[in-house]
Amino acid sequence: MLRIILPPLSPKRITFADFKNYHLPIPSKGVKAIGKKNTVLIFDNEYEAVVYADQLEEIVTNVSKTSPLKNILRDLITSIRNDDTIRNYVEYSSIYTWLKNCVTSIRFAIKPSRYTARNKY
């Protein structure tokens, strides 16, 4: 279970009431308040958090510039993207995918095909 704390980035902190008032999508495991200053987003894993941030970014494109919803969405996205576990996940998953693709292409280049083995090129 992954918990991302939403620090008060703007003068008004983000609460569960904001999720209800603006009809924002709720994370997979919910939203909880910790104390009077922080709200926590709860996800199953890092992948869900990244997908959730992407969904919020799509919503931001449809919101007017003067709407208070735009600031709330930006704060949510910033908090998710700046979380250390999310940064590590994105960094290592992209490096892993890149390495996996490189190793596959190297193996393909090194391993001779049946055609070249039969014809002894």
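Residues numbered from 1 in each chain as written. Predicted model: local features only at pLDDT ≥ 70, side-chain atom pairs only at ≥ 80, totals over all residues. Heavy atoms only, no water.

Visitor: Which parts of the structure should I look at to understand the overall build of the protein chain?
Guide: Helix and strand counts for the protein chain come out as five helices and three strands. Mapped from its N terminus to its C terminus, the protein chain presents α and β elements in the order β-α-β-β-α-α-α-α. The buried share among the 121 residues of the protein chain stands at 28%. Partitioning the intrachain contacts of the protein chain with sequence separation of at least 6 by distance along the chain shows that 62% fall at a separation of at least 24. Carbon and sulfur atoms provide 57% of the accessible area of the protein chain, an area that totals close to 8800 Å². (Helix = DSSP H or I, 4+ residues; strand = E, 2+ residues; numbered from the N terminus. Buried < 20%, exposed > 50% of the residue type's maximum accessible area, 1.4 Å probe, protein only. Contact = heavy atoms within 4.5 Å. Areas by Shrake-Rupley, 256 points an atom, 1.4 Å probe, with all protein chains shown as cover.)

Visitor: Got a minute to help me understand the nonpolar core in this structure?
Guide: If you look at the biggest cluster of nonpolar residues, it comprises 23 residues, and the most contacted ones within it are Ile4, Phe19, Leu41, Phe43, Leu76 and Ile80. Elements with a minimum of two residues in this core: strand E1 (2–6), strand E3 (38–43), helix H2 (46–60) and helix H3 (68–82). Setting aside residues no more than four positions away along its own chain, Leu41 makes contact with Leu2, Arg3, Ile4, Leu6, Phe19, Pro27, Gly30, Val31, Tyr52, Leu76 and Ile80. (Core = buried A, V, L, I, M, F, W, Y, C linked by side-chain atoms within 4.5 Å.)

Visitor: Could you clarify how one ought to interpret the environment of Thr39 in this entry?
Guide: Position of Thr39 among the secondary structure elements: in strand E3. When the C-alpha atoms of Thr39 and Phe16 are compared, they prove to be 8.0 Å apart, with 23 residues separating the residues in sequence. When sequence neighbours within four positions are dropped, the list of residues in contact with Thr39 reads Ile4, Ile5, Leu6, Arg13, Ile14, Thr15, Val31, Lys32 and Ala33. A distance of 2.5 Å separates a polar side-chain atom of Thr39 from the backbone oxygen of Ile14. (Polar contact = N/O pair within 3.5 Å; in protein donor to acceptor, adjacent residues only side chain to side chain.)

Visitor: For this particular structure, what's the right way to read the environment of Lys32?
Guide: Tracing the backbone through its elements, the reader meets Lys32 in strand E2 (residues 30–34). On a C-alpha basis, the gap between Lys32 and Arg3 in space is 9.7 Å, while along the polypeptide they are 29 residues apart. Here Lys32 is in contact with Thr39, Val40 and Ile42, once residues within four sequence places are set aside.

Visitor: What is the right way to look at the side chain of Ser79 in this model?
Guide: Turning to its location among the elements, Ser79 is positioned in helix H3. Of the polar contacts made by the side chain of Ser79, one reaches the backbone oxygen of Asp75; its length is 2.9 Å.

Visitor: Honestly, unusual backbone geometry in this entry has me stumped. Any pointers?
Guide: Glycine aside, residues mostly have negative phi angles, and peptide bonds mostly take the trans form. A positive phi angle is found at His23, which is not glycine, with a value near 55°. The class for His23 is exposed, based on a relative accessible area of 71%.

Visitor: Looking at this model, I keep getting lost on the pairing of E2. Mind explaining?
Guide: The two faces of the sheet receive side chains in turn, since in a regular strand these alternate between them. Pairing of E2 with E3, which is carried by five bridges, proceeds in the antiparallel orientation. Paired with Val31 across the bridge in E3 is Leu41. (Pairing = 2+ DSSP bridges.)

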